[in-house]
Amino acid sequence: MNATKTMIAAALVWLVGAAAADDAMSLDELLERFGWDFDTAVVTTERVGDGLYALFGLGGNVAVSIGADGVLIVDDQFPEMVPKMRAAIEALGGETGAGEIDYVINTHWHFDHAQGNLALGPAGTRILSHANARRDMARGGLINLVIAKYRQEPYPEDALPAITYTRRMGLRFNGEQIDLIHAGPAHTTGDTAVIFRGQNAVHFGDVFITTGYPFVDVDSGGDIDGMIEFCRTVLDELPEDAVVIPGHGRLADRAAVEAYVGMLETVRSRVADLIDQGKTREEVIAAKITADYDDTYGLESASLGFVDRVYASLTR
Ligand SMILES: [Zn+2]
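Described in the following lines is the structure provided in the data block. (Residues numbered from 1 in each chain as written. Predicted model: local features only at pLDDT ≥ 70, side-chain atom pairs only at ≥ 80, totals over all residues. Heavy atoms only, no water.)

1. A few points about the pattern of salt bridges
At step 1: A full pass over the atoms with the stated rule returns 17 salt bridges.
At step 2: Put simply, K149 and D23 hold a salt bridge, and the shortest N to O gap is 3.4 Å. With K149 in strand β8 (residues 149-152) and D23 in the loop between α1 (2-21) and α2 (27-34), this pair connects stretches of sequence that are 126 residues apart.
At step 3: With relative accessibility at 23%, the residue K149 sits in the partly exposed group.
At step 4: Under the relative-accessibility criterion, D23 is labelled partly exposed at 49%.
At step 5: The partner of D50 in a salt bridge is R47, with the nearest N and O atoms 2.6 Å apart.
At step 6: Taken together, the shared-partner salt bridges in this structure form one network comprising R168, D179, R197 and E237. (Salt bridge = Lys/Arg side-chain N within 4 Å of Asp/Glu carboxyl O. Helix = DSSP H or I, 4+ residues; strand = E, 2+ residues; numbered from the N terminus. Buried < 20%, exposed > 50% of the residue type's maximum accessible area, 1.4 Å probe, protein only.)

2. Description of the packing of helix α7 (residues 224-237) against helix α8 (residues 254-276)
At step 1: Following both chains from N to C, one finds α7 and α8 inclined at 155°, their axes separated by 10 Å at the closest point. Regarding the angle of α7 to α8, the classification is roughly antiparallel. Considering the relative orientation of α7 and α8, their crossing is left-handed. Of α8, the residues touching α7 (which contributes I224, D225, M227, I228, C231, R232 and L235) are R254, V257, E258, Y260, V261, L264, E265 and R268. (Axes fitted to C-alpha atoms, helices over the stretch in contact; angles between N-to-C directions. Parallel < 35°, antiparallel > 145°, perpendicular 65-115°, else oblique. Left-handed = near helix turned anticlockwise from the far one by under 90°. Contact = heavy atoms within 4.5 Å.)

3. A word on the environment of Y260
At step 1: For Y260, the location among the structural elements is in helix α8.
At step 2: The exposure class assigned to Y260 is buried, which follows from its relative accessible area of 0%.
At step 3: Sequence separation between Y260 and I181 is 79 residues; the distance between their C-alpha atoms is 19 Å.

Keep in mind that these numbers describe shape and distance, not what the molecule does.
Have a look at this one:
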């Protein structure tokens, strides 16, 4: 009896400890933190090439291929945004019939890029991703953004990718070659860059963004050296005049990605030097090592999470 009581007490202590460590925000709290509002969010579009467009709404950027084979999109934001995306696609001339989207490729498992699966999967859209992205969507997990934490719930079977790959996969769709490329752990362990060969464009997912410093999701297996390697691998595939669709932010080009890789390498080596000198995480963050990049990639406060994750990646 006493042994049982001790076991229950131990379990309760563990549960309380786990609850305290898991100070995750709800989606509503997170949306408020980022100033995101589904009711007022508007989907805007930008032409990338023949039959290829970028959609901007709430969450990650979406690429849309529209043509004789139907509609293929890259990333799908949130269920609340799906009707707005369908309307935008119809306005672009998509043969969407009842507004259906035939395929979606998820660049990775994060909710702001894949949560739309919850609406599209049950509606019959075929979902593709890297095998690790599917695994992470199926099991869910805590996303530690440093400034906030969000627990992504496991997706049901009908919202999970039915088609997965591990290194590369090619599709012919709307008369063009579409290549899915994975180059190892980067932003997560299941990142995909989607190259539209015919339109000379790429959707980078969150490995490359133009809204500021990137997020290395170290708790999800993300890796700063992998981010650099992933960018280099994709750059090797792209002609000089390629259009770059980032995971978040305005469209960009090769030069922007090359400058970004230079920033990643410099910050990485500065953090590594401080670690070699025996500096703690707090000391590394206090050293303001991104000061010369803050005008380009965000305010000093925005670099805190980035430097924290680079430190976490290098000391794992
Ligand atoms: Zn992400």
